[in-house]
Amino acid sequence: FKQILIAKHTKDELNEMAMTFNRMIKKLEKSYEKQEQFVSDASHELKTPLTVIDSYIKLLQRWGKDRSEILEEAIDAIGSEANRMKYLTEQLLQLARNEEVIENEKETVNIVPLIEGTIQRLQQTFQYTIYFNREQSDIHMKIHEQSFIQLLVILLDNAKKYSEDDIDVELKETDETVSILVKDKGVGIPLEMQAHVFDRLYRVDKTRSRETGGSGLGLSIAKRIAEQHEGHITLESAEGEGSTFTLVLPKKKV
Ligand code: ADP
């Protein structure tokens with residue numbers, strides 16, 4: 001009787017283990033499929049500018065020596081497509097960055113002058129003003145500085161790309177959190193698309209994004225950096241009225 005009991009017990013346990021394994025395998029299969037899809041999408045993104053470069057080189061080989069207007073057009077196009085590839089590659093490298101390295105390289109930094117400096121630097125290339133509203137001058141947080149700056153640049157760059165008005169950056173603090181709000185009065189994002197904008201290579205308007213030089217990777221990188229700091233990004237937006245992206249970071253990491 002005891003043996004039967006043990007056998008039944010083991011059988012139940014084995015069944016449960018088998019079910020857990022099954023769930024794990026399904027999860028792995030799903031993430032593998034996602035990974036495969038991403039590699040294929042990313043390769044496609046890199047292939048597009050390469051195809052353009054290739055066809056311009058062919059054009060140059062044929063007409064470049066005799067026609068100066070073709071020479072000029074080709075050089076411009078090759079230059080801008082090469083830049084696009086460089087930007088894409090940098091973003092892909094950031095996505096592939098090792099989590100452990102990021103964790104080890106975190107330092108306690110006063111984020112107020114860091115945000116201010118980033119804004120000032122970007123301001124030089126913007127045609128409109130970025131206002132920085134804050135009451136504090138010192139907020140020390142444990143961050144990976146380079147990634148943190150990259151996150152800010154992604155949000156500010158998007159605000160610029162998708163609006164033609166001044167941008168507001170606001171710093172808010174509670175006992176538990178620090179929030180950085182990036183507000184634009186631009187095109188906004190339709191409600192049904194808001195959940196997807198943080199997905200890799202997702203773009204609301206593919207034609208427009210290509211014109212503005214977007215890759216669809218920016219927000220997925222921003223989201224990942226926020227998570228590497230135990231934070232998250234929220235989005236409030238209305239079509240035609242603008243968007244507010246808010247980075248919320250926990251204070252306990254100070
Ligand atoms: P992209 O490089 O195309 O800008 P992102 O991942 O940064 O890629 O953004 C994904 C998509 O989300 C963009 O293509 C755009 O459609 C939308 N988006 C992002 N930021 C804004 C914004 N501030 N206003 C309107 N749409 C935005």
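Here the structure is a predicted model, which means the values were calculated and not measured.

1. Concerning the overall build of the protein chain
Okay, so step 1: Tallying secondary structure elements over the protein chain gives eight helices and seven strands in all.
Okay, so step 2: Scaling as 2.2 N^0.38, a compact globule of 254 residues should have a C-alpha radius of gyration of about 18 Å, whereas the protein chain reaches 24 Å, well beyond that.
Okay, so step 3: The principal-axis extents of the C-alpha atoms in the protein chain amount to approximately 95 × 55 × 35 Å.
Okay, so step 4: Per-residue burial for the protein chain yields a buried fraction of 38% across its 254 residues.
Okay, so step 5: Contacts spanning at least 24 positions in sequence make up 70% of the contacts within the protein chain whose residues lie at least 6 apart.
Okay, so step 6: Distance from the positive charge centre (35 side chains) to the negative charge centre (44 side chains) of the protein chain: 6 Å.

2. Thoughts on the UniProt feature "coiled-coil region" (unreviewed entry) in the protein chain
Okay, so step 1: Taking the numbering used here, the UniProt-annotated feature "coiled-coil region" (unreviewed entry) corresponds to residues 11-45.
Okay, so step 2: Measuring from the first to the last C-alpha atom of residues 11-45 gives 50 Å, for a span that is 100% helix and 0% strand.

3. Things to note about the pairing of strand S2 (residues 130-133)
Okay, so step 1: Side chains Ile130 and Phe132 of S2 all project onto a buried face; the interleaved residues Tyr131 and Asn133 project onto a face where none is buried.
Okay, so step 2: In this structure, S2 lies alongside strand S4 (residues 167-173), joined through four bridges in parallel fashion. Considered in S4, the bridge of Ile130 is made with Ile167.

4. Observations concerning helix H2 (residues 68-96)
Okay, so step 1: Between its terminal C-alpha atoms H2 stretches 42 Å, which fits the 42 Å expected from 29 residues at 1.5 Å a residue.
Okay, so step 2: Looking at H2, one finds that the buried residues are Ile70, Ala74, Ala77, Glu81, Arg84, Met85, Leu88, Gln91, Leu92, Gln94 and Leu95.

5. Describing the environment of Leu92
Okay, so step 1: Structurally, Leu92 is set in helix H2.
Okay, so step 2: For Leu92, a relative accessible area of 19% corresponds to the buried category.
Okay, so step 3: Spatially, the C-alpha atoms of Leu92 and Ile130 are 28 Å apart, while their sequence positions differ by 38 residues.
Okay, so step 4: Ignoring sequence-local partners within four residues, the contact set of Leu92 consists of Phe38, Ala42, Leu46 and Leu217.

6. Thoughts on the layout of surface pockets
Okay, so step 1: When its volume is computed, the largest pocket comes out at roughly 870 Å³.
Okay, so step 2: Along its surface, the largest pocket is lined by 41 residues, and Tyr87, Gln91, Ile154, Asp157 and Gly218 are the ones closest to its centre.
Okay, so step 3: Elements represented by at least two residues in the lining of the largest pocket include exactly H2, helix H4 (111-123), helix H5 (145-161), strand S5 (177-184), helix H7 (206-211), helix H8 (218-228) and strand S7 (242-250).
Okay, so step 4: Tallied by class, the residues present in the lining of the largest pocket amount to 18 nonpolar, 13 polar and 10 charged.
Okay, so step 5: The computed volume of the second largest pocket comes to approximately 460 Å³.
Okay, so step 6: Of all elements in the fold, only helix H1 (2-63) and H8 reach the threshold of two or more residues within the lining of the second largest pocket.
Okay, so step 7: Per-element accounting of the lining of the second largest pocket gives the leading share, six residues, to H1.
Okay, so step 8: Residue composition of the lining of the second largest pocket, grouped by class: four nonpolar, four polar and seven charged.

7. Here's the deal with the pattern of salt bridges
Okay, so step 1: Overall, the coordinates contain eight salt bridges when judged by the stated rule.
Okay, so step 2: The closest approach of N and O atoms between Glu170 and Lys172, which form a salt bridge, is 3.7 Å.
Okay, so step 3: Taking relative accessible area as the criterion, Lys172 reaches 43% and is therefore assigned partly exposed.
Okay, so step 4: One continuous salt-bridge network, built from bridges that share partners, spans Glu170, Lys172 and Lys183.

8. What about the packing of aromatic side chains?
Okay, so step 1: On inspection of all chains with the given rule, the structure shows one aromatic pair.
Okay, so step 2: The side chain of Arg67 reaches across the aromatic face of Trp63, ending 5.8 Å from its centre.

9. Examining the side chain of Gln194
Okay, so step 1: Positionally, Gln194 belongs in helix H6 (residues 191-194).
Okay, so step 2: For Gln194, the residues in contact, after removing those within four places along its chain, are Ile189, Leu235 and Ser237.

Basis of the calculations
Residues numbered from 1 in each chain as written. Predicted model: local features only at pLDDT ≥ 70, side-chain atom pairs only at ≥ 80, totals over all residues. Heavy atoms only, no water. Helix = DSSP H or I, 4+ residues; strand = E, 2+ residues; numbered from the N terminus. Rg over C-alpha atoms; globule rule 2.2 N^0.38 Å. Buried < 20%, exposed > 50% of the residue type's maximum accessible area, 1.4 Å probe, protein only. Contact = heavy atoms within 4.5 Å. Lys, Arg positive; Asp, Glu negative; His and termini not counted. Charge placed at Lys NZ, Arg CZ, Asp CG, Glu CD. UniProt positions renumbered as here; feature names shortened; annotations may be inferred. Pairing = 2+ DSSP bridges. Expected span 1.5 Å × (residues − 1). 1 Å grid on protein atoms, 1.4 Å probe; cavity = no way out; pocket = protein on both sides within 12 Å on 5 of 7 lines; lining within 4 Å. Points joined across faces, edges and corners; volume = space filled by probe spheres on them. Nonpolar A, V, L, I, M, F, W, Y, C, P; charged D, E, K, R; others polar. Salt bridge = Lys/Arg side-chain N within 4 Å of Asp/Glu carboxyl O. Phe/Tyr/Trp six-rings, centres within 6.5 Å; stacked < 30°, edge-to-face > 60°. Lys NZ or Arg CZ within 6 Å of the ring centre and 35° of its normal.

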